[in-house]
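Here's the letter readout for the chains.
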Amino acid sequence: VIAGVPAGVHIRHPDTEPWIKKRRASIGVSQMVYDLWEANLRAKVTTDYDKATIIGFLTGKSLHTAGRWDCSAVAVNAVQHVGLVPYPLPIPAHMITPNSLLLILATAGFTIGEIILNGKV
């Protein structure tokens, strides 16, 4: 629970999320595409976090729990849902690491922002 918001897929205030390093990936789209993207993400709110997938990243095994999401899987699913990234990809969404997601978005034409460390560019 972070700032009163339970674990899993939720809308959180950015000031309550601790982070060490982050980057923004952005792309211009029509309002219709944006609305579809947002609706797809909002439909996942309250879904459980897939903690086992993270262990799978470390061990090289697929430990995905059906019906649960990790951050990279939610993000890639959202851009696939609106056709910005092809579906299917050679590996399932729950096997996509944050760095792999960044590469996927860059090759799909997203602008990748500067690395921000602890609030500093």
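Up top you'll find the structure we're talking about.
This text gives an overview of the structure that appears in the document.

The rules behind each value
Throughout this description, residue numbers start from 1 for each chain and increase along the sequence as written. In keeping with the predicted nature of the model, local features appear solely for residues at pLDDT of at least 70, side-chain atom pairs appear and are counted solely at 80 or more, and the whole-chain, interface and lining totals rest on all residues. The side-chain numbers reported here are obtained from all heavy atoms of the structure, hydrogens and water having been left aside. Numbering of helices and strands runs from the N terminus; a helix is a DSSP stretch of H or I covering at least four residues, while a strand is a stretch of E covering at least two. The contact criterion used throughout is that any non-hydrogen atoms of two residues lie within 4.5 Å. Aromatic contacts are taken between Phe, Tyr and Trp rings whose centres are within 6.5 Å, Trp giving its six-membered ring; a plane angle under 30 degrees counts as stacked, one over 60 as edge-to-face, and the others as tilted. When accessible area is computed with a 1.4 Å probe and restricted to protein chains, residues below 20% of their type maximum are described as buried, those above 50% as exposed, and intermediate ones as partly exposed. For salt bridges, the criterion is a side-chain nitrogen of Lys or Arg within 4 Å of an Asp or Glu carboxyl oxygen. Each nonpolar core is a collection of buried residues, namely Ala, Val, Leu, Ile, Met, Phe, Trp, Tyr and Cys, held together in the definition by side-chain atoms within 4.5 Å.

### What to know about the environment of His94
Thought 1: Positionally, His94 belongs in the loop between helix 3 (71–81) and helix 4 (98–107).
Thought 2: Separated by 28 residues in sequence, His94 and Ala66 have C-alpha atoms that sit 9.6 Å apart.
Thought 3: Each residue touching His94, except ones within four places of it in the same chain, is listed here: Thr53, Phe57, Ser62, His64, Asp70 and Ala73.

### Thoughts on the packing of aromatic side chains
How two aromatic rings sit relative to each other is given by the distance of their centres and the angle of their planes.
Thought 1: For the structure on display, the rule yields 1 aromatic pair.
Thought 2: Between Tyr34 and Trp37, the ring centres sit 5.3 Å apart and the planes meet at 45°, which makes this aromatic pair tilted. A residue pair is termed a helical-turn pair when its members lie 3 or 4 positions apart in one helix, as Tyr34 and Trp37 do in helix 1 (residues 31–42) at 3 residues.
Thought 3: Taking the relative accessible area as the measure of exposure, Trp37 reaches 29% and is therefore partly exposed.

### Details of unusual backbone geometry
Thought 1: Omega for the bond connecting Tyr87 with Pro88 falls within 30 degrees of zero, at -5°, which places this linkage in the cis form.
Thought 2: Assignment of secondary structure puts Pro88 in the loop between helix 3 and helix 4.
Thought 3: Positive phi values are uncommon outside glycine, yet Ala3 reaches one of about 55°.
Thought 4: Along the chain, Ala3 falls in the segment before strand 1 (21–22).
Thought 5: Given the relative accessible area of 60%, Ala3 is considered exposed.
Thought 6: Unlike most non-glycine residues, Thr46 shows phi in positive territory, near 85°.
Thought 7: Counting through the fold element by element, Thr46 comes out in the loop between helix 1 and helix 2 (51–59).
Thought 8: Looking at Thr46, the relative accessible area reads 57%, which means it is exposed.

### Examining the pattern of salt bridges
Thought 1: With the rule as written, the count across this model stands at 3 salt bridges.
Thought 2: Here Asp48 ties to Arg68 by a salt bridge, and the two come within 3.7 Å at their closest N and O atoms. Taken together, the positions of Asp48 in the loop between helix 1 and helix 2 and Arg68 in the loop between helix 2 and helix 3 put the pair 20 residues apart, joining distant regions of the chain.
Thought 3: Owing to a relative accessible area of 41%, Asp48 belongs among the partly exposed residues under this scheme.

### Description of the nonpolar core
Thought 1: Core analysis: the largest hydrophobic core is formed by 8 residues, namely Val76, Val79, Val85, Ile96, Leu101, Ile104, Leu105 and Phe110.
Thought 2: Only helix 3 and helix 4 provide two or more residues apiece to this core.
Thought 3: At 3 residues, helix 4 tops the list of elements feeding residues into this core.
Thought 4: Here Val79 is in contact with Trp37, Leu84, Val85, Leu105 and Phe110, once residues within four sequence places are set aside.

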